[in-house]
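Coordinate inspection notes
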Amino acid sequence: MTSRSEFFTATTRSSAAIWILPAVAASVLLVGCSASVNIGSTAKMSSDKLATILAEKPAATTGQPKPHITCPEDLAGKVGTTTRCKLTADDGSTLGVTVKVSSVEGDQINFDF
């Protein structure tokens, strides 16, 4: 007879791809995130750097692999500036991630997502 924990483990392994996007989405939506980045002499963050930061936060929170995230534009270091990035799961499903600059301290951009 298979125990409940063995069944759960087997089921989880076979459907890991299905659970990755909801786990990441839940962590972003329920936990909410903020980040702070020192970007050098100009108050602007590249879209690649922004996407990397957005992928690392939920991965660290959930213990899941980093999701694939793309951002369409650099993030200007001006309070209230927003951009919408896209998280793509292994199965091709997508989730929008909105980033909003909460404060700028010199060359450091603080943002929420």
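Here is a short report on the structure shown in this document. Everything numeric here is computed off the predicted structure, so don't read it as measured data.

**A word on the pattern of salt bridges**
Using the criterion set out here, one finds one salt bridge in the structure. Of the charged contacts in the structure, one is a salt bridge between Lys 66 and Glu 56, with a shortest N-O distance of 3.9 Å. One end of the pair, Lys 66, is in the loop between α3 (47–62) and β3 (68–70); the other, Glu 56, is in helix α3, and ten residues separate them in sequence. Taking the relative accessible area as the measure of exposure, Lys 66 reaches 54% and is therefore exposed. Under the relative-accessibility criterion, Glu 56 is labelled partly exposed at 40%.

**Some details on the state of the cysteines**
Under the counting rule described, the total for this entry stands at one disulfide. Across the disulfide, Cys 71 is cross-linked to Cys 85 (sulfur-sulfur distance 2.1 Å). With the S-S dihedral at roughly 110 degrees, the linkage between Cys 71 and Cys 85 falls on the right-handed side. Linking Cys 71 in the loop between β3 and β4 (75–76) with Cys 85 in strand β5 (residues 82–88), this pair joins segments that are 14 residues apart in sequence. The buried category is assigned to Cys 71, whose relative accessible area is 11%.

Conventions and cut-offs
Residues numbered from 1 in each chain as written. Predicted model: local features only at pLDDT ≥ 70, side-chain atom pairs only at ≥ 80, totals over all residues. Heavy atoms only, no water. Salt bridge = Lys/Arg side-chain N within 4 Å of Asp/Glu carboxyl O. Helix = DSSP H or I, 4+ residues; strand = E, 2+ residues; numbered from the N terminus. Buried < 20%, exposed > 50% of the residue type's maximum accessible area, 1.4 Å probe, protein only. Disulfide = S-S within 2.5 Å.

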